[in-house]
Amino acid sequence: QSTRKSINVPGLYLFGSVGSGKSLLMDLFYSHACSALPTLPARRVHFHEFMLKMHQSIHAFKHSPQGGTHGAVQAVGASLARESRLLCLDELQISDIADAAILCQLFQGMWDEGCC
């Protein structure tokens, strides 16, 4: 059982048909957040590009001297949390069960680092 205090942080998931302005809203939010909080490490990336980078990072961690197969995904998530406190994923679509499992562990690693 976790000893961390549970904090409800509002989040947002946008959905709609093609051309309805989802990416535009993300761009506006990201731009405003970066302007309002210039010291906040932030990243905006297309989901497929993000997952390719995560797969590469997990592979690299597993083959590094400090790496191994156990905990590799959460370690990459912790590293990502140190790099980006705000993560905006555009065009998020999960169609692979392996990616869903990776995201679960990846986000857990980020949350363990204090990302909300």
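Whatever comes next refers back to the structure up there.
Below or above, wherever it landed, is the structure these notes cover. (Residues numbered from 1 in each chain as written. Predicted model: local features only at pLDDT ≥ 70, side-chain atom pairs only at ≥ 80, totals over all residues. Heavy atoms only, no water.)

What the rule picks out here adds up to three salt bridges. Across the salt bridge formed by R44 and D27, the nearest N and O atoms sit 2.6 Å from each other. Of this pair, R44 sits in strand β1 (residues 42-46) while D27 sits in helix α1 (residues 22-36), placing them 17 residues apart in sequence. Where D90 meets R44, a salt bridge forms, and the shortest distance between an N and an O atom there is 3.0 Å. In this pair, D90 sits in strand β2 (residues 86-90) while R44 sits in strand β1, placing the two residues 46 residues apart along the sequence. Relative accessible area serves as the criterion here: at 9%, D90 is assigned to the buried category. The network of salt bridges with common partners includes D27, R44 and D90. (Salt bridge = Lys/Arg side-chain N within 4 Å of Asp/Glu carboxyl O. Helix = DSSP H or I, 4+ residues; strand = E, 2+ residues; numbered from the N terminus. Buried < 20%, exposed > 50% of the residue type's maximum accessible area, 1.4 Å probe, protein only.)

Moving on, we get to the packing of helix α2 (residues 47-62) against helix α4 (residues 97-112). It is at 12 Å that the axes of α2 and α4 come closest, and there the two elements cross at 75 degrees. Relative to α4, α2 is oriented roughly perpendicular. Along the contact surface, α2 presents F47, F50, M51, M54, H55 and I58, while α4 presents D99, I102, L103 and L106. Considering only residue class, the contact of α2 with α4 consists of eight nonpolar, one polar and one charged. (Axes fitted to C-alpha atoms, helices over the stretch in contact; angles between N-to-C directions. Parallel < 35°, antiparallel > 145°, perpendicular 65-115°, else oblique. Contact = heavy atoms within 4.5 Å. Nonpolar A, V, L, I, M, F, W, Y, C, P; charged D, E, K, R; others polar.)

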